[in-house]
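Coordinate analysis (summary)
Listed below, chain by chain, are the residues.
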Amino acid sequence: MLALEVICLRVMMISHFRQSRMMNHIFSLAAELNRQGYEAAVVVAGCPAAYRDLLRRYHRLFPCFAEDSPAEIIKLLRYYRPQLLHLHALPPGDTLARLLHACPVPWGLTAHDRSLPAGPFAASPGPSFVIMPHPAAAALPAALQEKTCFIPEGIDLEEYRPLEKEGFKVAFILEQDNPENEAGAVLLKAAALADIEVELISPRPLPLLKGRFHGWPLECSAVLGRSRIVAGCRRGLLEGMACGSAALIMGRGYGGIFTPQQHRAALPFPDLSGERAEAPCYRSIFFDLAALLKDRPLLQSLQEQGRKFIRENCDLRLVAERTGRLYNRIVEG
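These lines cover the structure that appears in this document, whether it is placed above or below. Counting restarts for each chain, with residues numbered from 1 along the sequence as it is written. Residue-level local features of this predicted model are given only where pLDDT is at least 70; pairs of side-chain atoms are given and counted only at 80 or more, and the full residue set underlies all totals for whole chains, interfaces and linings. Just so you know, side-chain values use all the structure's heavy atoms and leave hydrogens and water out.

**Here we look at the overall build of the chain**
Runs of H or I in DSSP of at least four residues are treated as helices and runs of E of at least two as strands, each being numbered from the N terminus. On a plain count of helices and strands, the chain comes out with 10 helices and 13 strands. Over its C-alpha trace the chain gives a radius of gyration of 20 Å, about what one expects of a compact globule, namely 20 Å for 333 residues. A principal-axis box enclosing the C-alpha atoms of the chain has dimensions of 60 × 40 × 40 Å. Three exposure classes are used, based on accessible area relative to the maximum for each residue type with a 1.4 Å probe and protein chains only: buried under 20%, partly exposed in between, and exposed over 50%. Within the chain, the fraction of its 333 residues that count as buried is 55%. At a minimum sequence separation of 6, the contacts of the chain that also span at least 24 residues come to 64%. For the chain, the accessible area works out to roughly 14800 Å², and carbon and sulfur atoms hold 53% of it. Considering the chain, the positive charge centre built from 38 side chains and the negative charge centre built from 35 side chains are found 1 Å apart. Every radius of gyration here is taken over C-alpha atoms, with the globule rule written as 2.2 Å times N^0.38, N being the number of residues. For this analysis, residues touch if any pair of their heavy atoms sits within 4.5 Å. Under the convention used here, a 1.4 Å probe and the Shrake-Rupley method define accessible areas, while residue burial counts only the protein chains that appear. Residues counted as positive are Lys and Arg, residues counted as negative are Asp and Glu, and His and the chain ends are not counted. The location of each charge is read from NZ of Lys, CZ of Arg, CG of Asp or CD of Glu.

**Description of helix H3 (residues 70–80)**
Listed as buried for H3 are Pro-70, Ile-73, Ile-74, Leu-76 and Leu-77. Buried residues of H3, viewed axially, fall in a sector of 160°; they line one side. Exposed and facing more than 90 degrees away from the buried side of H3 are Lys-75, Arg-78 and Tyr-79. In the core, the buried residues of H3 are packed alongside strand E1 (10–16), strand E2 (39–45), strand E3 (64–66), strand E4 (84–87) and helix H4 (95–102). We call two N or O atoms a polar contact when they sit within 3.5 Å, provided that within protein one can donate a hydrogen and the other can accept it, with sequence-adjacent residues counted only if both atoms are side-chain atoms. For H3, the N-terminal cap is Ser-69; the gap from its side-chain oxygen to the backbone nitrogen of Ala-71 is 3.2 Å. Residue Arg-81 follows H3 closely and has a positive phi angle near 50°. In this description, one arc is meant: the one made by directions from the helix axis to the C-beta atoms.

**A short note on the side chain of Asn-24**
Here Asn-24 shows up in helix H1 (residues 22–35). Asn-24 sits in the buried class, given a relative accessible area of 8%. Sequence-distant contacts of Asn-24, defined by excluding residues within four places in its chain, comprise Tyr-160, Leu-218, Glu-219, Arg-235 and Glu-239.

**What to know about the nonpolar core**
For the purposes of this section, nonpolar cores are sets of buried Ala, Val, Leu, Ile, Met, Phe, Trp, Tyr and Cys residues that join through side-chain atoms within 4.5 Å. Phe-27, Val-42, Leu-224, Leu-238 and Ile-310 are the most contacted members of the largest nonpolar core, which totals 57 residues. Among the elements that line this core, the one with the most residues is H1, at eight residues. Apart from the residues within four sequence positions on either side, Ile-310 is in contact with Ile-155, Leu-157, Leu-238, Met-241, Ala-242 and Asp-315. In this structure, Phe-168, Leu-174, Leu-188 and Leu-292 belong to the second largest nonpolar core, which totals 25 residues.

**Let's talk about the packing of helix H7 (residues 235–242) against helix H9 (residues 296–313)**
Running from N to C, H7 and H9 point in directions that differ by 115°, and their axes come no closer than 7 Å. Judged on the interaxial angle alone, H9 and H7 are roughly perpendicular. In the crossing of H7 with H9, the sense of the turn from one axis to the other is left-handed. For the pair H7 and H9, the contacting residues are Leu-238, Met-241 and Ala-242 in the first and Gly-306, Arg-307, Phe-309 and Ile-310 in the second. When the residues that make up the contact of H7 with H9 are grouped by side-chain class, the tally is five nonpolar, one polar and one charged. Convention adopted: a line fitted to C-alpha atoms gives each axis, helices being fitted over their contacting stretch, and angles between N-to-C directions are expressed from 0 to 180 degrees. Under this scheme an angle from 65 to 115 degrees is roughly perpendicular, one under 35 degrees roughly parallel, and one over 145 degrees roughly antiparallel; angles in between are oblique. With the far helix as reference, a near helix turned anticlockwise by less than a right angle produces a left-handed crossing, and one turned clockwise produces a right-handed crossing. Under the convention adopted here, Pro, Cys and the residues Ala, Val, Leu, Ile, Met, Phe, Trp and Tyr are nonpolar, Asp, Glu, Lys and Arg are charged, and Gly plus all remaining residues are polar.

**Section: the sheet that holds strand E11 (residues 229–232)**
Strand order in the open sheet formed by six strands is E10-E9-E8-E11-E12-E13, and the pairing between neighbours is mixed. A strand with exactly one partner marks an edge of an open sheet, and here the two such strands are strand E10 (211–213) and strand E13 (254–257). Averaged over all pairs of adjacent strands, the angle between their axes in this sheet comes to 15°, without regard to strand direction. Between any two strands, at least two bridges found by DSSP are needed for them to pair. Bridge count between strand E8 (residues 169–173) and E11: three bridges; the pairing is parallel. Looking at E11, one finds that Phe-172 is bridged to Ala-231. Sheet contacts for helix H5 (residues 183–193): E8, strand E9 (197–201), E11 and strand E12 (246–250); angle to E8, the most-contacted strand, approximately 175°.

**Side note on the pairing of strand E6 (residues 129–132)**
Side chains of E6 alternate between two faces, with Phe-129 and Ile-131 and Val-130 and Met-132 buried alike. Direction of pairing for strand E5 (residues 107–110) relative to E6: parallel, over a ladder of three bridges. In the strand pairing of E6, Leu-109 is matched with Val-130. Summarising the sheet, E6 and strand E7 (residues 148–150) pair through three bridges and their orientation is parallel. Along E7, the bridge assignment pairs Met-132 with Phe-150.

**Details of H4**
All of the buried residues along H4 are Thr-95, Leu-96, Leu-99 and Leu-100. Take H4 and look down its axis: the buried residues cluster within an arc of 130°, on one side only. Its buried side turned inward, H4 meets E1, H3, E4 and E5.

Just geometry here; none of it tells us what the structure is for.
Following this line, the structure appears as structure tokens:
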């Protein structure tokens, strides 16, 4: 049970819109925190017009706003009077200093990026906490190490769950942050050679021989739930495994088939970034896809292991509880 003193703790999350699964982390965490009794609001800067209506739908779960102007964000801060600010992206220029001047409360950051500018960390006051959501997150100044903790991104196990699988489909998640390289084309070539249908979730289209292009929906549990394999990195793989898919690690490099059974302990958490993996080669991907296509007991075992891994390590309810305890400790000082 949550302690009574945390029930009315007010927090505002601030981020910049990206076509990345990171956005789902923010929205799902805010929703679960509100279900657990916190008052969490979200402000998203740089939101394209096409997504603003979608953001408004989150109002049924928590206050959610698309605002670009620091002055408008400050108005929201003065209205909601948060006790803590949780940034998921560092704002440009002197925006952070302006926000802290208008709302002098503790603040912290989830370090989603591989690299972070040093300037904001010299601000006064500095961050009270830094959350590392995955092992390959950014290196931080030594002075912040004692304020740093690892909390994985949480997955809503009710929303992301296995559905009836249709044929043999691979869901390929290619984010905005992925570099313009041949990784996407390489995976699609391998899938075409294996005659496997691809469900492409990507901000940009790629030539598909067999499959569908879905663009970048904020919510894609239905696509993932009906796929047998998910290819991508980080949160995209976590969502896919929650939906009962075997996982292929595909970032800057190709990390092969993820075997959850080898990572039974919560720590160390596996590196699902593909950052340190070998350069993508269609032959390696093809052989892995062919193996999973032919060896159905292996595929089924990986699917079951993946769902179990998420349940044991990334359950949104437990992640929100850990995050809430961190908030409470900071606010209580």
